[in-house]
Amino acid sequence: MSAIPLGVLDLVPVSSGSTAAEALHHSIDLARQTERFGYARYWFAEHHLNPGVAGTSPAVVLALTAAATSTIRLGAGAVQLGHRTALSTVEEFGLIDALHPGRLDLGLGRSGGKPPGTPAAAPPTTTPVVDGRAPNGLRIPARFSYEHLLGSPRVALQRKLLQQPHAQAQDYGEQVDDILALLAGTYRSDDGVEAHVVPGEGADIQVWILGSSGGQSADVAGRNGLPFAANYHVSPGTVLEAAEGYRAAFKPSDVLDEPYVSVSADVVVAEDDATARELAAGYGPWVRSIRTAEGAIQFPTPAEARRHVWTEADRALVEDRTETQFIGSPGRVADLLEQLQEATGADELLVTTITHGHADRVRSYELLAEEWRRR
C-alpha cells in the first residue's frame, strides 16, 4: 500500500483556549513536519464565519506555507467558486506559482455558502451496498441531507457577505472551462476579445475537481479529463457514487490518459486504540456545531467534549461522520485506509486529522506515515 500516496487536508482548526494566529503557526509547522514524513500533498480547505476554523483563504495560507517548505505539493481543497471569479482565482494562484513554480494544486469546489439541501436521487452504482457496507466491509452510511439548514440565518448571512449585492454565481462547469482557458492562454470572450493573465497564464498548476457526489462536479472533472477528489470524510454516504460517476464521465485529456481519484478520510492515530479514542473525543461536538449551522466551534479538549449532553437528535445529526472516522493504533487505521482504497479504487488518499493538542496531531501523522511505509 505504500505505493498509494498519502496527502494532508488541513482546515487550520483553532483549538479551545487558543487563537487563530496559533492555529496558523501550527498548520505551517505541520506542513513542514509532514513534508519530512513523506506525505505527497498538503491541501488547505476554505471555510468562512467559523470560530474554530481559520482557513478562510487557501491562496494566502498556501503562499505562507510555500515559503516555509520546499518539496511537498501544496494546494487548495478546495477554492469555493460560488463566490469567486475565474480571473481572480487564476491570478491568485498564478502569483504563488511565479515564486514557487511546479508545486501547486488548484482544487475547485462548487460551494459558495449555500447548503446543498436535499440530495438528488442517488445515481446507480456498480458497487452494491448491503446493510450500510460495501462488499469489502467499508461503512457506507445513508446519504445525509442538509435540508434543515436551508433557512439558517447564519448560512444566508455567509452567502450575502461572500457575494457582491445582486451578484449571481457563474455556472460551475463554465467557470472551470474559463479557468482552464485562462491558464492555457486560450480564453476568448463571446465577442472575440482575448484575456491574458500575468502571472497565471502558462503556470505549472495541477487543476483538481472536488466533489461529494456523482453529480455536476464528477461530470465536470470527467469530461475535462482532470483528477478528482471524492470526500469520504464529508459525505461518506456518497463516496462510491462520486468515484463511479467521475469514472463514467471521464474522457482522456492532455492531463490524464485514465481517471485519477483521491479520497479523503478523517483519521486520528495514537500508539494504542484507547489513546486515539481519547484524542478524538472532541470530534462529535465539533461536527454537531457545523451541522446545526452554529459554525465550527473551537475544537474541544476531551474533558470539554465529555461535558456535552447528547440528545438523540444530536447523535443522529453526526452519526454518519463519527462512525466513519478512522481512530486507533497505526495498524488499525492503516487497515481501514486500505479498506477505503480498495472499495473506491483510489489512486491516492487524503488524510485530515484534528486533535486539540498540536503535538498529538503531528504525532498522528508521523505514526501513520511510518506504518504506511511498512506496507
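Each remark here, short or long, concerns the structure printed above.
Residues numbered from 1 in each chain as written. Predicted model: local features only at pLDDT ≥ 70, side-chain atom pairs only at ≥ 80, totals over all residues. Heavy atoms only, no water.

Broken down by element type, the protein carries 13 helices and nine strands. Scaling as 2.2 N^0.38, a compact globule of 375 residues should have a C-alpha radius of gyration of about 21 Å, and the protein matches this with 20 Å. The principal-axis extents of the C-alpha atoms in the protein amount to approximately 60 × 45 × 40 Å. For the protein, the proportion of its 375 residues judged to be buried stands at 54%. A fraction of 76% describes how many contacts in the protein between residues 6 or more apart in sequence connect residues 24 or more apart. A total of about 16000 Å² of accessible surface is found on the protein, and carbon and sulfur atoms cover 53% of it. (Helix = DSSP H or I, 4+ residues; strand = E, 2+ residues; numbered from the N terminus. Rg over C-alpha atoms; globule rule 2.2 N^0.38 Å. Buried < 20%, exposed > 50% of the residue type's maximum accessible area, 1.4 Å probe, protein only. Contact = heavy atoms within 4.5 Å. Areas by Shrake-Rupley, 256 points an atom, 1.4 Å probe, with all protein chains shown as cover.)

This part covers the pattern of salt bridges. According to the stated counting rule, one finds 21 salt bridges in the structure shown. A salt bridge links Glu 294 to Arg 288; its shortest N-O distance comes to 2.9 Å. The shortest N-O distance in the salt bridge between Asp 320 and Arg 291 comes to 2.5 Å. Taken together, the residues Asp 320 in helix 11 (residues 312-322) and Arg 291 in helix 9 (residues 283-291) connect sequence positions 29 residues apart. Each member of the pair, Asp 320 together with Arg 291, is buried. Several salt bridges share partner residues, and in doing so they unite Asp 335, Glu 338, Glu 371, Arg 374 and Arg 375 into one network. (Salt bridge = Lys/Arg side-chain N within 4 Å of Asp/Glu carboxyl O.)

Taken together, the side chains of Leu 49, Leu 157 and Leu 161 make up a nonpolar region of the molecular surface, amounting to roughly 290 Å² of accessible area. Position of Leu 157 relative to the elements: it lies in helix 4 (residues 153-162). (Patch = residues over 30% accessible without salt bridge, like charges linked within 9 Å, V, L, I, M, F, W, Y side chains within 5 Å.)

This part takes up the side chain of Asp 105. Its location among the elements puts Asp 105 in strand 4 (residues 104-109). Separated by 2.9 Å, the side chains of Asp 105 and Trp 43 make a polar contact. Within polar-contact distance, the side chain of Asp 105 engages the side chain of Arg 73 at 2.8 Å. (Polar contact = N/O pair within 3.5 Å; in protein donor to acceptor, adjacent residues only side chain to side chain.)

A word on helix 1 (residues 20-37). For helix 1, with 18 residues, the first-to-last C-alpha span of 25 Å sits near the 26 Å given by 1.5 Å per residue. Looking at the residues trailing helix 1, positive phi occurs at Gly 38, about 100°. (Expected span 1.5 Å × (residues − 1).)

With that settled, consider the packing of helix 6 (residues 216-223) against helix 7 (residues 239-249). Angle between the axes and distance between the axes are the two parameters that describe a pair of packed helices. Interhelical geometry of helix 6 versus helix 7 gives an angle of 35° and a closest axis separation of 7 Å. Helix 6 and helix 7 meet at a crossing whose hand is right-handed. Of helix 7, the residues touching helix 6 (which contributes Ala 218, Asp 219, Ala 221, Gly 222 and Arg 223) are Ala 242, Gly 245, Tyr 246 and Ala 249. For the contact of helix 6 with helix 7, the per-class residue count stands at five nonpolar, two polar and two charged. (Axes fitted to C-alpha atoms, helices over the stretch in contact; angles between N-to-C directions. Left-handed = near helix turned anticlockwise from the far one by under 90°. Nonpolar A, V, L, I, M, F, W, Y, C, P; charged D, E, K, R; others polar.)

On to the packing of aromatic side chains, then. Within this structure, the stated rule accounts for ten aromatic pairs. Here the aromatic rings of Phe 228 and Tyr 246 are separated by 5.1 Å at their centres, their planes lie at 20°, and the arrangement is stacked. Within this pair, whereas Phe 228 is found in strand 6 (residues 228-230), its partner Tyr 246 is found in helix 7, the two being separated by 18 residues in sequence. On the accessibility criterion, Tyr 246 (0% relative accessible area) is buried. Through a chain of ring-to-ring contacts, the aromatic side chains of Trp 43, Trp 208 and Tyr 260 assemble into a single cluster. Above the plane of the ring of Phe 144 lies Arg 291, whose end atom (NZ or CZ) is 3.6 Å from the centre. (Phe/Tyr/Trp six-rings, centres within 6.5 Å; stacked < 30°, edge-to-face > 60°. Lys NZ or Arg CZ within 6 Å of the ring centre and 35° of its normal.)

Turning our attention to the nonpolar core. Grouped together as the largest cluster of nonpolar side chains are 76 residues, with contacts concentrated most on Leu 108, Phe 326 and Leu 337. What Phe 326 contacts, discounting residues up to four positions off in sequence, is Leu 138, Tyr 232, Ala 265, Asp 266, Val 267, Val 268, Val 333, Leu 336, Leu 337 and Leu 340. (Core = buried A, V, L, I, M, F, W, Y, C linked by side-chain atoms within 4.5 Å.)

With respect to the element layout, Leu 210 can be found in strand 5 (residues 205-211). What Leu 210 contacts, discounting residues up to four positions off in sequence, is Trp 43, Gly 77, Ala 78, Gly 107, Leu 108, Gly 109, Tyr 172, Ser 217, Phe 228, Ala 229 and Asn 231.

Let us look at the pairing of strand 3 (residues 73-80). In terms of residue burial, strand 3 counts as a mostly covered element, since seven of its eight residues are buried. The handedness of the strand 2 (residues 41-44) to strand 3 crossover, carried by helix 2 (residues 58-68), is right-handed. The sheet contact formed by strand 3 and strand 4 spans five bridges and is parallel. Each residue of the ladder has a partner; that of Gly 75, found in strand 4, is Asp 105. Taking the sense of rotation as the criterion, the β-α-β connection linking strand 3, helix 3 (residues 86-99) and strand 4 turns out right-handed. (Right-handed = clockwise from strand over helix to strand, strands pointing away. Pairing = 2+ DSSP bridges.)

Right, let's get into the environment of His 26. As for its placement among the helices and strands, His 26 is situated in helix 1. Since its relative accessible area comes to 31%, His 26 is described here as partly exposed. A sequence separation of 13 residues divides His 26 from Pro 13, and the C-alpha atoms of the two residues are 9.2 Å apart.

With an omega of 15°, the peptide bond running from Gly 77 to Ala 78 counts as cis. Position of Ala 78 among the secondary structure elements: in strand 3. Between Val 198 and Pro 199 the backbone carries a cis peptide bond, its omega angle lying at -10°. Structurally, Pro 199 can be placed in the loop between helix 5 (172-184) and strand 5. Here the phi dihedral of Val 12 falls at roughly 55°; this positive angle occurs in a residue that is not glycine. We classify Val 12 as buried; its relative accessible area is 0%. A positive phi is found at Ala 293, a non-glycine position, where the angle reads about 70°. Looking at the secondary structure, you find Ala 293 in the loop between helix 9 and helix 10 (302-306).

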